[in-house]
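So the chains spell out like this:
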Amino acid sequence: QGILLIILTMFLFSVLDAMAKEVAHRTDTVMAIWARYAGQTVAVSLLIAPRFKTALKTGYPKLQLLRSVLLLIATTCFFFGFVTIGLANAAAIMSLSPVLITLGAALILGERFGPRRAIGVGVALIGALIIIRPGSDVFTLAALLPLCAAIAYSGYALATRFVGRDEDAWTSLFYTAAFGAVILSFIVPFFWVRPAPLAAFLMLILGGIGALAHFCLIRAYMAAEASAIAPFSYIGLLFATFWGMLIFAEYPDGFTYLGGLLIAAAGIYVWYRET
């Protein structure tokens, strides 16, 4: 059940990214990010409405703020990244986050970090460099955006480790969504473009899909141990490549496949060492 739920989660996130890219093309990228956060805030608020006051209570206000800031940075960098360099390329670089979390846990949390895990992190970084290819004609500054997203998301995940010990998952989900929605609501008027009916419809359902994806993610980790389902998250690379080809005619080159394979292999190896 946990494996099926994590696969469904990755599928939903890939659909979310594809829809967000379509909205960005038809309107503006900032509008797509705002719709994703505002919609999720509404969806989560409806789900926790019967116990809203209880869900708002947090014992880690500063950490919740840090999580929210880091996730907003990660989402913004990732959205601008895949709009520019394509879904498959951005998703492959973003897949660095599991090994970066391992590295961050060693540097920040003091967890053990042996030479084998170091090799796994090194191989994953080499995979990212193969995709980005600094110094080549393919390289642009936009290629660094998914890398920044992966770093920010890793920090978010590490902060979540502290919060998750005592905090309700729905409390964390609400604060991360609401913070982004409030901040972006002040920014989006400067980038507002009147959306066509299709773009408006996609904006309406973006947040709902995001909330459903996060709910499935929570259920997945409730149904199975993290060590059992973590490797299946890399199926998101296949979904991202599929939508990129089907909707946007984005066909990754051989370097992207090679780099993505190295990142996934290194991530699975690091997961194996974790277990």
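Everything discussed here concerns the structure shown above.
The structure displayed is predicted, hence computed values, not measured ones.

K.L.:
Looking at this structure, how should I read the overall build of the chain?
P.N.:
Assigned secondary structure in the chain consists of 13 helices and 0 strands. Ordered by position from the N terminus, the helices and strands of the chain form the series α-α-α-α-α-α-α-α-α-α-α-α-α. Here the C-alpha radius of gyration of the chain, 18 Å, is about what a compact globule of 275 residues would show, namely 19 Å. Based on the C-alpha atoms only, the size of the chain along its principal axes is roughly 50 × 45 × 35 Å. Looking at the chain as a whole, 50% of its 275 residues are labelled buried. Just so you have it, the chain exposes about 13,300 Å², and 72% of that area is on carbon and sulfur atoms. Treating the 17 positive side-chain charges of the chain as one cloud and the 12 negative ones as another, the clouds have centres 7 Å apart.

K.L.:
Help me out: how do you make sense of the nonpolar core in this one?
P.N.:
Generally speaking, nonpolar side chains in soluble globular proteins are found buried as a group. One finds Tyr-37, Phe-78, Phe-79, Phe-82, Leu-96 and Leu-206 to be the most contacted residues of the largest nonpolar core, which totals 62 residues. Per element, the largest residue contribution to this core is 10 residues, and it comes from helix H1 (residues 2-26). Ranked by size, the runner-up nonpolar core spans 9 residues in total, among them Val-44, Ile-48, Ala-178 and Ala-211.

K.L.:
For this particular structure, what's the right way to read a nonpolar patch on the surface?
P.N.:
A cluster of nonpolar side chains, Val-182, Ile-183, Phe-186, Ile-187, Phe-190 and Phe-191, forms an exposed patch at the surface whose accessible area comes to about 620 Å². Relative accessible area serves as the criterion here: at 64%, Phe-186 is assigned to the exposed category.

K.L.:
How should the packing of aromatic side chains be read in this particular structure?
P.N.:
Considering all chains together, one arrives at 9 aromatic pairs under this definition. Ring geometry for Trp-34 and Trp-192: centres 5.9 Å apart, planes at 80 degrees, overall edge-to-face. Taken together, the residues span a long stretch of sequence, with Trp-34 in helix H2 (residues 29-47) and Trp-192 in the loop between helix H9 (169-187) and helix H10 (197-223) at a distance of 158 residues. These aromatic residues form a ring-pair network of at least three members: Phe-11, Phe-239, Phe-242 and Trp-243. Sitting over the ring of Phe-248, Lys-21 keeps its end group 4.8 Å from the ring centre. Over the ring of Tyr-37 we find Arg-36, and its NZ or CZ is 5.4 Å from the ring centre.

K.L.:
Teacher, can you tell me more about the layout of surface pockets here?
P.N.:
One simple way to see leftover space: roll a probe sized like a water molecule over the atoms. Put simply, the second largest pocket is a space of about 250 Å³. Considering the residues around the second largest pocket, the lining is formed by 13 residues, among which Leu-237, Leu-238, Thr-241, Tyr-257 and Gly-260 are closest to the centre. Broken down by secondary-structure element, the contributors of at least two residues to the lining of the second largest pocket are helix H5 (87-94), helix H12 (235-248) and helix H13 (254-274). Here the lining of the second largest pocket is built from residues that sort into 10 nonpolar, 3 polar and no charged.

K.L.:
Where do I start with the packing of helix H6 (residues 97-108) against helix H7 (residues 115-132) in this structure?
P.N.:
Here H6 crosses H7 at 140 degrees, and the two axes come no closer than 10 Å. Judged on the interaxial angle alone, H7 and H6 are oblique. For H6 against H7, the interelement crossing comes out left-handed. Taken together, the residues of H7 that come into contact with H6 (itself represented by Val-99, Leu-100, Thr-102 and Leu-103) are Arg-117, Gly-120, Val-121, Ala-124 and Leu-125. Partitioning the contact of H6 with H7 into residue classes produces 6 nonpolar, 2 polar and 1 charged.

K.L.:
What is the right way to read the packing of H1 against helix H4 (residues 61-85) from this model?
P.N.:
The angle between the axes and the distance between the axes are what describe a pair of packed helices. Two elements in contact, H1 and H4, have axes separated by 10 Å at closest approach and are oriented at 70 degrees. By the criterion of interaxial angle, the relationship of H1 to H4 is roughly perpendicular. Residue-level inspection shows Asp-17, Ala-20, Lys-21, Ala-24 and His-25 of H1 in contact with H4, the latter providing Phe-78, Phe-79, Phe-82 and Val-83. In the contact of H1 with H4, the residues fall into 6 nonpolar, 1 polar and 2 charged.

K.L.:
Looking at this model, I keep getting lost on empty space enclosed by the protein. Mind explaining?
P.N.:
Evaluation of the coordinates by the stated rule reveals 1 cavity of 30 Å³ or more. Each pocket or cavity is described by its volume, and for the largest cavity that value is around 30 Å³. Residue assignment for the lining of the largest cavity shows that the elements contributing at least two residues are H2, H4 and H9. In terms of residue class, the lining of the largest cavity is made up of 3 nonpolar, 4 polar and 1 charged.

K.L.:
So what exactly am I meant to see when it comes to H4 here?
P.N.:
Residue pairs spaced three or four apart in an α-helix point in one direction, given the helix's 3.6 residues per turn. For H4, which comprises 25 residues, the first-to-last C-alpha distance of 36 Å matches the rise-based estimate of 36 Å (1.5 Å per residue) to within 8%. One or two steps after H4, the chain reaches Gly-86, where phi turns positive at roughly 100 degrees.

Here is what the cut-offs are and how they apply
- Residue positions are counted from 1 within each chain, in the order its sequence is given.
- Only residues with pLDDT of at least 70 are given local features in this predicted model, and only at 80 or more are side-chain atom pairs given and counted; all residues enter the totals for whole chains, interfaces and linings.
- The side-chain values count all of the structure's non-hydrogen atoms but skip hydrogen atoms and water molecules.
- Under the scheme used here, helices are H or I runs from DSSP no shorter than 4 residues and strands are E runs no shorter than 2 residues, and both carry numbers assigned from the N terminus.
- We take the radius of gyration over the C-alpha atoms and set the globule estimate at 2.2 Å times the residue count to the 0.38 power.
- Each residue is assigned to one of three classes by its accessible area relative to the maximum for its type, calculated with a 1.4 Å probe on protein chains only: buried under 20%, partly exposed between the two thresholds, exposed over 50%.
- Shrake-Rupley sampling with a 1.4 Å probe provides the accessible areas, and residues are treated as covered by the protein chains on show and by no other component.
- Counted as positive: Lys and Arg. Counted as negative: Asp and Glu, with His and the chain ends omitted from the count.
- Note on charges: their place is set at NZ of Lys, CZ of Arg, CG of Asp or CD of Glu.
- Here the nonpolar core consists of buried residues drawn from Ala, Val, Leu, Ile, Met, Phe, Trp, Tyr and Cys, with membership extended through side-chain atoms lying within 4.5 Å.
- Within the patch definition used here, like charges are joined within 9 Å and nonpolar side chains (Val, Leu, Ile, Met, Phe, Trp, Tyr) within 5 Å, considering only residues with over 30% relative accessible area and no salt bridge.
- In the sections that follow, a salt bridge refers to a side-chain nitrogen of Lys or Arg positioned within 4 Å of a carboxyl oxygen of Asp or Glu.
- Each Phe, Tyr or Trp ring (for Trp, its six-membered ring) is paired with any other whose centre lies within 6.5 Å, and the angle between the two planes then decides the class: stacked below 30 degrees, edge-to-face above 60, tilted in between.
- Any Lys NZ or Arg CZ found within 6 Å of a ring centre and within 35 degrees of that ring's normal is scored as a charge over the ring.
- For each structure, a 1 Å grid was placed over the protein atoms alone; sets of points admitting a 1.4 Å probe that cannot get out are labelled cavities, open sets with protein on both sides within 12 Å along at least five of seven lines are labelled pockets, and lining residues have an atom within 4 Å of a point.
- Grid points are joined across faces, edges and corners, and a volume is the space filled by probe spheres set on the points.
- For this scheme, ten residues count as nonpolar: Ala, Val, Leu, Ile, Met, Phe, Trp, Tyr, Cys and Pro. Four count as charged, namely Asp, Glu, Lys and Arg, and the remainder, Gly too, count as polar.
- Simply put, an axis is a line fit to the C-alpha atoms, just over the touching stretch for a helix, and the angle between two N-to-C directions goes from 0 to 180 degrees.
- Oblique is the label for any angle not covered by the other classes, which are roughly parallel (under 35 degrees), roughly antiparallel (over 145) and roughly perpendicular (65 to 115).
- Should the near helix be turned counterclockwise from the far one by less than a right angle, the crossing is left-handed, whereas a clockwise turn marks it as right-handed.
- Any two residues whose heavy atoms approach within 4.5 Å are treated as being in contact.
- Each residue after the first adds 1.5 Å to the expected span of a helix.

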